[in-house]
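Spelled out, the chains give:
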Amino acid sequence: MTATSGPGFSLMVEGLSLAIMTETPLVIAYVMRAGPSTGIATKSGQYDVMQVRWAAHGNYEIVAYAPWSVQELYDLTIKSFNVSEALRVPVILLSDAALAHIWERVVIADPGEVIIINRKKPKVSKELYRPFEPEEDLVPPMACFGEGYKVLVESLTHDEKGYYKPSNEVQRKLVWRLVNKVRKNKDMLFDSASYFTEDAEYVVVAYGSTARSAYALVKDLRSSGIKIGLYRPKLLWPVDEEGLIKATYTAKKVFVVENNIGVYVNEVSRILKHREVISIPVIDIEVPTPDAIFEVMREWM
Amino acid sequence: MDVRHPLDRYLRTDRLPHIWCPGCGIGIAVSSLLRAIDRRVAEGLFTHDEVAAVSGIGCTARATFYLNFDSAHVIHGRAIPFAIGLKLVRPNLKVIVIGGDGDIAAIGGNHLLHAARRNVDLTVVMVNNMIYGMTGGQVAPTTPPNVYTTTTPSGNYEYAINIVKLLSALNVNYLARASVTHPHILERYLYTALGKEGLAFVEVISPCPEVFGRHIGYRDPVELFKKFKSMIKYEERPSLDKSDITLNLDKEVVIGEFVNSSRESFIKIIDRLGR
């Protein structure tokens with residue numbers, strides 16, 4: 001595990017790319033701050049949602065969670081480790097400066113209560129072991145250095161032995177496996193929360209610290225009789241498309257509230273292509289207030 | 001009859017032949033390393049399974065294609081940080097970093113600096129051909145002044161980095177320069193390096209006839225090898241003042257052991273202070 005914010009993450013990207021290619025389990029706690037460049041240290045924002053998805057070159061699937069509370073930071077850290085170990089994929093825990101600075105009550109689980117998933121170990125002899133030979137779930141068992149398996153960790157396009165093979169056949173097989181091992185195991189990744197969405201005419205989509213304000217706003221509007229709900233994806237990447245469709249099923253309008261120029265809204269629009277999806281970008285170096293969000297939303301309601 | 005070379009056990013022989021050009025010195029560097037490893041394994045200092053090899057990008061870094069150890073072929077310049085991480089997690093392993101001057105001294109220079117400052121328990125073998133070979137002969141920080149390269153058509157304006165002087169200012173436990181033109185000395189230094197705690201660094205002067213030799217007027221591998229051999233001067237404990245490589249045709253390139261000490265190593269300090 002490592003922890004960083006935008007400037008550090010930008011420097012780490014080549015290593016992230018290596019971790020994707022070598023299928024190294026890895027958790028990155030990414031605390032977003034205002035950017036670009038040095039921006040404002042210690043101040044907040046949600047600018048880097050697309051960066052974590054597309055930072056590395058090449059094609060791949062990556063996993064990112066967006067917690068909204070200290071409790072969820074704790075819970076999703078455990079989940080991030082389990083996912084990265086199970087799928088041998090980097091997982092990004094996408095927090096922000098606002099969350100990093102708040103104090104909240106947290107329930108810490110007893111050691112026996114926590115479900116821990118560890119990477120699969122080889123089941124074949126040292127002579128027969130191939131470091132990138134997948135099992136049915138498309139994830140290869142992982143031998144570690146010093147165990148006698150003569151592992152070859154390879155950053156170049158490689159076959160199941162880890163041998164460099166510059167061919168269409170091997171490149172296609174490898175890239176699709178790196179993508180599909182995440183896609184085919186998506187059920188273990190999904191995590192979201194819906195509030196008052198069953199009969200909602202308006203659904204707000206918000207994640208991370210901004211979702212706290214969005215939730216307060218939605219509750220206020222509900223109590224004044226407006227049929228509005230909140231869908232909060234905890235998993236940002238890969239997108240839980242079915243979860244989003246389900247949560248917005250009754251909605252006439254969908255608002256995507258973000259503390260940036262409106263970036264995740266493009267994913268939402270792509271998935272809900274026959275709905276009216278409205279971007280509500282509110283840049284605030286702390287957290288957008290419910291009033292500030294409502295001010296932008298009001299003209300569309 | 002199945003005839004196998006005694007060092008074949010340390011090679012992924014199914015990947016041979018290797019990619020290195022005819023006349024390249026990397027093969028001599030790698031075989032010297034394997035002989036040194038074999039002697040240490042025979043002595044029981046470590047086992048075959050306890051050796052790990054890490055490399056970045058470049059001609060020399062391709063060595064991990066062929067080395068039959070736990071090995072990693074990672075990203076350009078970052079072999080040393082990968083190796084430090086490995087050594088910290090598995091301190092029982094003998095971790096060897098092998099790479100070229102571009103990988104270790106140029107893009108990886110800062111990592112080398114801090115590995116040396118910390119005296120991390122690694123054996124670092126830097127094969128110095130004074131050029132970026134794999135990418136077609138661009139100037140490197142190790143390229144001597146005035147030399148024509150594909151990116152210095154008027155000759156190299158820059159002074160070369162003297163990696164021996166640089167590392168001697170830090171806390172390495174072993175610092176030697178060898179040359180593939182003198183493989184018995186090279187093997188001895190690698191053997192000594194493998195026995196050291198802390199950072200052991202061996203610079204290996206190596207001819208690249210295909211790219212570097214062509215630029216300096218020695219396109220023929222044998223001629224370049226002879227030229228290098230004639231310039232090499234062996235001294236047991238040379239002074240640092242003699243460590244510059246100028247490649248003036250009348251000037252020597254001194255090989256020898258520049259530093260051999262036994263400062264407390266990184267892992268030993270961690271053991272003493274506690275994890």
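Let me sum up the structure you'll find in this document. (Residues numbered from 1 in each chain as written. Chains lettered and ligands numbered in written order. Predicted model: local features only at pLDDT ≥ 70, side-chain atom pairs only at ≥ 80, totals over all residues. Heavy atoms only, no water.)

### Things to note about the nonpolar core
Counting residues in hydrophobic clusters, the biggest one holds 53 residues, and the most contacted among them are Leu34(B), Ile37(B) and Val202(B). One finds Val54(B), Ala72(B), Leu93(B) and Met126(B) within the second-largest nonpolar core, a separate group that totals 42 residues. (Core = buried A, V, L, I, M, F, W, Y, C linked by side-chain atoms within 4.5 Å. Buried < 20%, exposed > 50% of the residue type's maximum accessible area, 1.4 Å probe, protein only.)

### Description of the sheet that holds strand E10 (residues 253–258) of chain A
Hydrogen bonds between backbone atoms are what pair the strands of a sheet, whose relative direction is either parallel or antiparallel. Residue and element names in this part refer to chain A. Taken in spatial order, the five strands make up an open sheet running E6-E8-E7-E10-E11, and their pairing is mixed. Each edge of the open sheet is held by one strand with a lone partner, namely strand E6 (192–195) and strand E11 (276–281). Between one strand axis and the next, the sheet turns by 20° as a mean value, whatever way the strands run. (Pairing = 2+ DSSP bridges. Helix = DSSP H or I, 4+ residues; strand = E, 2+ residues; numbered from the N terminus. Axes fitted to C-alpha atoms, helices over the stretch in contact; angles between N-to-C directions.)

### Some remarks on the environment of Leu34(B)
Residues and elements named next belong to chain B. As for its placement among the helices and strands, Leu34 is situated in helix H1 (residues 26–43). In this structure the C-alpha to C-alpha distance between Leu34 and Phe69, which are 35 residues apart in sequence, comes to 11 Å. Apart from residues no more than four positions distant in its own chain, Leu34 is found in contact with Leu7, Tyr10, Leu11, Leu67 and Phe69. (Contact = heavy atoms within 4.5 Å.)

### Some details on the interface of chain A and chain B
Every contact between the two is made by 20 residues of chain A and, on the other side, 23 residues of chain B. Each partner contributes to the roughly 1800 Å² buried at the junction of chain A and chain B, and carbon and sulfur atoms together form 52% of this total. At the boundary of chain A with chain B, the tally comes to three salt bridges. Note that Asp14(B) is salt-bridged to Lys161(A), the shortest N-O span being 2.6 Å. Scanning the region where chain A abuts chain B turns up 16 residue pairs in polar contact (both at pLDDT 80 or more). Of all the elements in the fold, those that place two or more residues in the side of chain A that touches chain B are helix H1 (6–22) and strand E5 (152–154) of chain A. In terms of strand pairing, E5(A) meets strand E2 (residues 70–73) of chain B through three bridges, oriented parallel. Along E2(B), the bridge assignment pairs Leu152(A) with Ser71(B). (Buried area = accessible area lost by both parts, 1.4 Å probe. Salt bridge = Lys/Arg side-chain N within 4 Å of Asp/Glu carboxyl O. Polar contact = N/O pair within 3.5 Å; in protein donor to acceptor, adjacent residues only side chain to side chain.)

### Section: unusual backbone geometry
The residue after Trp237(A), namely Pro238(A), is reached through a cis peptide bond having omega -10°. You can see Pro238(A) is positioned in the loop between strand E9 (235–237) and helix H7 (241–247). The step from Leu16(B) to Pro17(B) runs through a cis peptide bond, and the omega angle for that step is 5°. Within the fold, Pro17(B) resides in the segment before H1. Non-glycine residue Leu138(A) carries a positive phi angle of around 75°. Tracing the backbone through its elements, the reader meets Leu138(A) in the loop between helix H4 (97–101) and E5. One non-glycine residue with positive phi stands out, namely Asn146(B), at about 75°. Inspection of the secondary structure assignment puts Asn146(B) in the loop between strand E4 (123–128) and helix H6 (163–168). We classify Asn146(B) as exposed; its relative accessible area is 63%.

### With respect to a nonpolar patch on the surface
There is a patch of nonpolar side chains on the surface, built from Ile115(A), Ile117(A) and Met188(A) and spanning about 260 Å² of accessible area. Along the polypeptide, Ile117(A) turns up in the loop between H4 and E5. (Patch = residues over 30% accessible without salt bridge, like charges linked within 9 Å, V, L, I, M, F, W, Y side chains within 5 Å. Areas by Shrake-Rupley, 256 points an atom, 1.4 Å probe, with all protein chains shown as cover.)

### A word on the sheet that holds strand E3 (residues 63–65) of chain A
All names here are of chain A. Spatially, E1-E2-E4-E3-E9 is the arrangement adopted by the five strands of the open sheet, whose pairing is mixed. Across the chains shown, the open sheet's two edge strands, defined by having one partner strand only, are strand E1 (2–4) and E9. The average undirected angle you get between the axes of adjacent strands in this sheet is 25°. As judged from the three bridges shared by E3 and strand E4 (residues 90–96), these two strands associate in the parallel manner. Across the sheet, residue Val63 finds its bridge partner in E4, namely Val91. Set on the sheet, H1 makes contact with E1, strand E2 (26–32) and E4; between it and E2 the angle comes to about 160°.

### Notes on the packing of helix H3 (residues 79–89) of chain B against helix H5 (residues 109–118) of chain B
Residues and elements named next belong to chain B. For the pair H3 and H5, the least separation of the axes is 8 Å and the interaxial angle reads 35°. The handedness of the crossing between H3 and H5 is left-handed. Taken together, the residues of H5 that come into contact with H3 (itself represented by Ile80, Pro81 and Ile84) are His111, Leu112, Ala115 and Arg118. Tallied by class, the residues present in the contact of H3 with H5 amount to five nonpolar, one polar and one charged. (Left-handed = near helix turned anticlockwise from the far one by under 90°. Nonpolar A, V, L, I, M, F, W, Y, C, P; charged D, E, K, R; others polar.)

### Considerations on the packing of aromatic side chains
In total, this model carries 12 aromatic pairs over all chains according to the counting rule given. Seen in terms of ring centroids, Tyr207(A) and Tyr264(A) are 5.4 Å apart; in terms of plane orientation they differ by 65°. Their pairing is edge-to-face. With a gap of 57 residues between them, Tyr207(A) in the loop between strand E7 (202–205) and helix H6 (208–223) and Tyr264(A) in the loop between E10 and helix H8 (265–271) connect regions that are remote in the sequence. Taking the relative accessible area as the measure of exposure, Tyr207(A) reaches 1% and is therefore buried. In this structure Tyr264(A) comes out as buried when scored by relative accessible area, which is 2%. Taken together, Tyr164(A), Trp20(B), Phe65(B) and Tyr66(B) form an aromatic cluster joined through their ring pairs. Arg53(A) extends its terminal NZ or CZ atom over the ring of Trp54(A), reaching a point 3.9 Å from the ring centre. (Phe/Tyr/Trp six-rings, centres within 6.5 Å; stacked < 30°, edge-to-face > 60°. Lys NZ or Arg CZ within 6 Å of the ring centre and 35° of its normal.)

None of the figures reported here should be taken as evidence of function without further support.
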